[in-house]
Amino acid sequence: MTSPLQNDRYAYNPKLPPVLQSAVGNITAQLGDATEAVADQAGLKQLFTLTYGKPIATFAEGENKDAGKQIRVGVILSGGQAPGGHNVIAGLLDGIKAGNPESGLWGYLGGPAGILEDSAIEITPRFVDDYRNTGGFDMIGSGRTKIETDDQFARVLEVCTQRTLDALVVIGGDDSNTNAAVLAEYFLSKGSEIKVVGVPKTIDGDLKNDYIETSFGFDTATKTYSELIGNIERDANSAKKYWHFIKLMGRSASHIALECALQTHPNACIISEEVEEKQLTLREIVDQLVETVVARSENGENFGVVLVPEGLIEFIPEIKALISELNDLLAENADYFSTLHTFEAQSEWVNQKLSRDSSYAFSSLPNEIQRQLLMDRDPHGNVQVSRIETEKLLIEMVDGRLKEMASRGKFSGKFSALQHFFGYEGRCAFPSNFDADYCYSLGYTAFLLVASGLTGYISSVRNLARPAAEWVAGGVPLTMMMNIEQRHGKMKPVIKKALVELHGKPFATFSAHRKEWAVKTSFRYPGAIQYYGPDEVCNRPTITLDLEHQAP
Ligand code: FBP
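No experiment lies behind these values; they were computed from the predicted model shown.

Trainee: Lay out the pattern of salt bridges in plain terms, naming residues and giving numbers.
Mentor: For side chains bearing opposite charge, pairing can occur when the charged atoms are close. Under the criterion given, the structure shown has 26 salt bridges. Of the charged contacts in the structure, one is a salt bridge between Arg 283 and Asp 287, with a shortest N-O distance of 3.8 Å. Taken as a pair, Arg 283 and Asp 287 lie in helix H11 (residues 282–298) at a separation of four residues, close to a single helical turn. The network of salt bridges with shared partners includes Arg 283, Asp 287, Arg 401, Glu 404 and Arg 408.

The structure is reproduced here in structure tokens:
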């Protein structure tokens, strides 16, 4: 049973960059100069002998003789859900069919694992119509299986060859697009002509650079969280009795928390990148929060809102060192650790094995957080930060400090705190008009990259802070976005994660206002995402995008 909004959104026509409105046979890729990777150029050149240094592609009007060829394309959704994924597939399919109605698209089920298992369905226009402009990845599902061994690469090539695919489109974040780059190189090295094209997805917003201005899903997710935060702020300002500590998704970068802070003007928002830069200890972070609570209480305001990025815990120096030691320890001793059945036995063993500093840091954490740090790792051996209740940890520590101050007569206010975690609430929302338009354009562009014979590229739609009528479509060679980093003890080529730039305009804007927002109630209420109505209400990009790309 579909909802009225769902029915209405099926009929929404995404706005496209002007060049994509021409017939596909009249859209050609203009290629620029050879490119270089953002760092470690020599090493990357050796690893990607066939795909390194390709030029940036920009689509313009001009004859494309190959656009009408009959082709077969495979597509996967990889990693966490992000609003607009269905529209990428819709745009891709519509492009493919505009090229040649006999061409076909196959969706691998459940993410990268679907390719390894060769589990796919044909995506037809009739099938896609039930998903246009709606959230979720349920059309074909997603997953976090990583394709990284030689056997897996060989298997992917085997499956794609057996299905006689001409191209594979990987919709994912930095890790998945790194995989796409490696696959493109691998296919060529094996003499295969199957093209690999990536699409930038992640609500976290950390897959971006000059050519990928934002990853899709960030717009809708942050607008959804900002609506919820604004509602909570209004409740806090009405009841005047609670402090709300709100953790926001974003496993590494704090872009989501920063954007939500710019939208809602909370009393505090911790930015992990700043914590790392200034090497702030947990104690210092708590001190800053305590200062804000005390200052507001002196104004008679025993309420407020604090935003906490999900990844914070890994940026606090002493906890970062602790987590890294724990990850290695648990990976190296997985079998033995699994024989320890009680938390007491586990923590005793861990405490003996950790370095002195890390053992101290571990012991100073509340039991519940210790337990969460010892929980199951993700498939890559990392602690699952979204399951660590950092917001609760901060509440407990702030509460402890205030009680201690109260006992010395230094605090006479009240501190009653509630915790929230906003993550899954925003990942499958109906895409905003921005994400609906952007994603459809990204999918259509992915087809054009394939139809232009390009491989090892990521679909790119630029000039996004301007109306869609001024957007520019093209492709960026994936190797250009890579560097070499140490991952699990090995040096690996990876796409560089874009963390919050402390010299960038979004952070500078926040930083210029945060002192005032801390003490004076300055809440801003963004309200729900609007799909119909005036442009400034329905088609505004995020403040982050606006600030990063507005004219100097
Ligand atoms: P991606 O990086 O795959 O886009 O996922 C991001 C994210 O939403 C993070 O913000 C969060 O930490 C994580 O997914 C949660 O993962 P899971 O869906 O596996 O619980």
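Trainee: Before we move on, can you summarise the pairing of strand E14 (residues 472–477) with the specific residues and values?
Mentor: With five of six residues buried, E14 lies mostly within the body of the structure. In the sheet, strand E2 (residues 57–61) pairs with E14 via two bridges, with the strands oriented antiparallel. Opposite Ala 57, over in E14, you have Gly 475 as the bridge partner. For strand E13 (residues 457–462) and E14, the ladder comprises six bridges, and the chain directions are antiparallel. By the bridge assignment, Val 461 is partnered in E14 with Ala 473.

Trainee: Any chance you could break down the packing of helix H12 (residues 317–332) against helix H15 (residues 356–363) for me, citing the residues and the numbers?
Mentor: For the pair H12 and H15, interaxial distance at closest approach is 9 Å and the crossing angle is 105°. It follows from the interaxial angle that H12 and H15 lie roughly perpendicular. Here H12 contributes Glu 318, Ala 321, Leu 322, Glu 325 and Leu 326 to the contact with H15, which in turn contributes Ser 358, Ala 361 and Phe 362. Here the contact of H12 with H15 is built from residues that sort into five nonpolar, one polar and two charged.

Cut-off values and rules
Residues numbered from 1 in each chain as written. Predicted model: local features only at pLDDT ≥ 70, side-chain atom pairs only at ≥ 80, totals over all residues. Heavy atoms only, no water. Salt bridge = Lys/Arg side-chain N within 4 Å of Asp/Glu carboxyl O. Helix = DSSP H or I, 4+ residues; strand = E, 2+ residues; numbered from the N terminus. Buried < 20%, exposed > 50% of the residue type's maximum accessible area, 1.4 Å probe, protein only. Pairing = 2+ DSSP bridges. Axes fitted to C-alpha atoms, helices over the stretch in contact; angles between N-to-C directions. Parallel < 35°, antiparallel > 145°, perpendicular 65-115°, else oblique. Contact = heavy atoms within 4.5 Å. Nonpolar A, V, L, I, M, F, W, Y, C, P; charged D, E, K, R; others polar.

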